[in-house]
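# Residue-level structure breakdown
Here are the chains, one letter per residue:
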Amino acid sequence: MSVASLRRAARESVSGLPRAFWWLWTSTLVNRLGAFVATFMTLYLTLERGYSASFVGLVVALHGLGGVVSSVVAGVLTDRLGRRPTLVAAQASTAFSVALLGFMEHPAAIAAVAMLVGMTSNASRPAVQAMMADIVRPEDRVRAFALNYWAINLGFAVSATAAGFIAEYSYLAGFLGEAALTLACAVLVYVKLPESRPVRTAAEKAAAEPEVGLGTVLRDGRFMGVVGLSFLISLIFMQGSFGLPLAMGAAGFSTVEFGLVIGVNGLLIVLLQIPVTRLIERRDPQKLLVVSALLAGYGFALTAFGGSVWSLALTVCVWTLAEIINSPTQMGLVARLSPLHGRGRYQGMYTLSWAVASLVAPLMAGFVIEHFGAGWLWASMAVLGMVAALGYWLLMRGLSEEGAPTVVVAPVLAVKAAAAEV
């Protein structure tokens, strides 16, 4: 491919998206550049503070539990208060709690503040995803979600490398650095992003259209099916962070070798997310989700046959391709199924599926490997992948013919109307 072709492809990948999206994208990138706590929490508690593995497991679980609690609450606030105030409050609170965690000494205080960090850091996700659905045209959403996911992984790749050097100097500097960057995100959102919550029209008010509540979300069978399938897919992908290191450690691989293997995941996402999304964004989402579920399940199942670093790295390539396909496609589906005035609650319920999976995945990996062996864990991933693929196929039958629910209004006009109230 020529340089001119590459430039044209790059322009087409980023063209046509509103300015507000790029400010939101920038805030995501800056936020992930400071992701110190998520990367080094375990090492900080074991190496720096000398706590036991059981206590570290408790702290990590409480951090995840905080995310479970905040997912639904933040979704409600996103609809009631608006996207921007929820996002600013979440990021400012995260900055405060992360800085506070760096100064905690007592084990109970560390556990409590870690849970607070989990709550505040996860609270921004429904607002970000709802705002993105508000400001981006439906036909561009898969591409927008892919670009945002790319920013998350690019920022994480840089922050993980930098955090290693920072930790050698001072763990406290890492906590304070993340707090500073997260606070910068809050300022950026407040200054540059208008409120995007759609305003009810006079006709909607006159028709006394019922409010969208959590009960509405729970009664939406198709959407809750997506949430359930998202939970299954999350259980699979999270074994890269929980099951894979446990299995490699038990097999005698070093931490350096694990770092090389898992590093393939981030590298491929940074290199391939945008070009792969260009290939798939106009294709049938049902087929994409079915294929990605099978690739994810069988990709992890192949880990059972990985006897070297290189063979394990090849298995990572398989399930990373599944991740690249699944993430923007599924987020686009969630935005499509979310009613206009209930996007926050719907996004909050979707975020909940990942938060719950982050609690279940490490428990599942530890229990299965300890009692049955790693081979059974990888076999169960193949089963979960097949179940998820069947679920996507059944769930999305006829969806293209039915069309999306009321999610399409003039996004730019809605943003301007809402901004007038701020």
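Residues numbered from 1 in each chain as written. Predicted model: local features only at pLDDT ≥ 70, side-chain atom pairs only at ≥ 80, totals over all residues. Heavy atoms only, no water.

### A closer look at the overall build of the chain
- Looking only at helices and strands, the chain has 20 helices and zero strands in total.
- Considering only residue pairs separated by 6 or more positions, the chain has 87% of its internal contacts joining residues 24 or more positions apart.
- A total of about 18,700 Å² of accessible surface is found on the chain, and carbon and sulfur atoms cover 69% of it. (Helix = DSSP H or I, 4+ residues; strand = E, 2+ residues; numbered from the N terminus. Contact = heavy atoms within 4.5 Å. Areas by Shrake-Rupley, 256 points an atom, 1.4 Å probe, with all protein chains shown as cover.)

### What about the confidence of the model for the chain?
- Per-residue confidence for the chain gives a mean pLDDT of 81; residues scoring 70 or more make up 85%.
- Put simply, helix α20 (residues 411–419) is where the chain has its lowest mean pLDDT, 33, and helix α18 (residues 374–395) is where it has its highest, 95.
- Throughout residues 401–422 the model reports pLDDT below 50, and contacts reaching past four residues in sequence, or to other chains, amount to 36 contacts. (pLDDT = per-residue confidence, 0-100.)

### A closer look at the packing of helix α7 (residues 124–135) against helix α17 (residues 343–371)
- Relative to each other, α7 and α17 sit at 130°, their axes nearing to 8 Å. In terms of their interaxial angle, α7 and α17 are classed as oblique. The two elements α7 and α17 meet at a crossing, and its hand is right-handed. Residue-level inspection shows Arg 125, Pro 126, Gln 129, Ala 130, Ala 133 and Asp 134 of α7 in contact with α17, the latter providing Arg 343, Gly 344, Gln 347, Gly 348, Tyr 350 and Thr 351.
- In terms of residue class, the contact of α7 with α17 is built from four nonpolar, five polar and three charged. (Axes fitted to C-alpha atoms, helices over the stretch in contact; angles between N-to-C directions. Parallel < 35°, antiparallel > 145°, perpendicular 65-115°, else oblique. Left-handed = near helix turned anticlockwise from the far one by under 90°. Nonpolar A, V, L, I, M, F, W, Y, C, P; charged D, E, K, R; others polar.)

### Digging into the nonpolar core
- In terms of nonpolar packing, the biggest core is built from 79 residues, with Phe 21, Met 132, Phe 223, Leu 377, Met 381 and Tyr 392 touching the most fellow members.
- Formed by 24 residues, the second largest nonpolar core is a distinct cluster that contains Met 41, Tyr 44, Val 113 and Phe 175. (Core = buried A, V, L, I, M, F, W, Y, C linked by side-chain atoms within 4.5 Å. Buried < 20%, exposed > 50% of the residue type's maximum accessible area, 1.4 Å probe, protein only.)

### Section: the packing of aromatic side chains
- Evaluation of the coordinates by the stated rule reveals seven aromatic pairs.
- Ring geometry for Trp 25 against Trp 150: centres 6.2 Å apart, planes inclined by 15°, an arrangement best described as stacked. Note that Trp 25 is positioned in helix α2 (residues 19–33) and Trp 150 in helix α8 (residues 141–169), a separation of 125 residues in sequence.
- With a relative accessible area of 14%, Trp 25 lands in the buried category.
- Aromatic pair Phe 300 and Trp 319: ring centres 4.5 Å apart, planes at 15°, arrangement stacked. Placement of the pair is Phe 300 in helix α15 (residues 285–301) and Trp 319 in helix α16 (residues 309–337), with a sequence separation of 19 residues. Note on accessibility: Phe 300 and Trp 319 belong to one class, buried.
- Aromatic rings pair up to connect Phe 21, Trp 22, Trp 25 and Trp 150 into one cluster.
- One cation-aromatic arrangement involves Arg 84 over Tyr 190; the distance from NZ or CZ to the ring centre is 5.1 Å.
- Positioned above the aromatic ring of Trp 393 is the side chain of Arg 397, whose terminal nitrogen or guanidinium carbon lies 5.3 Å from the ring centre. (Phe/Tyr/Trp six-rings, centres within 6.5 Å; stacked < 30°, edge-to-face > 60°. Lys NZ or Arg CZ within 6 Å of the ring centre and 35° of its normal.)

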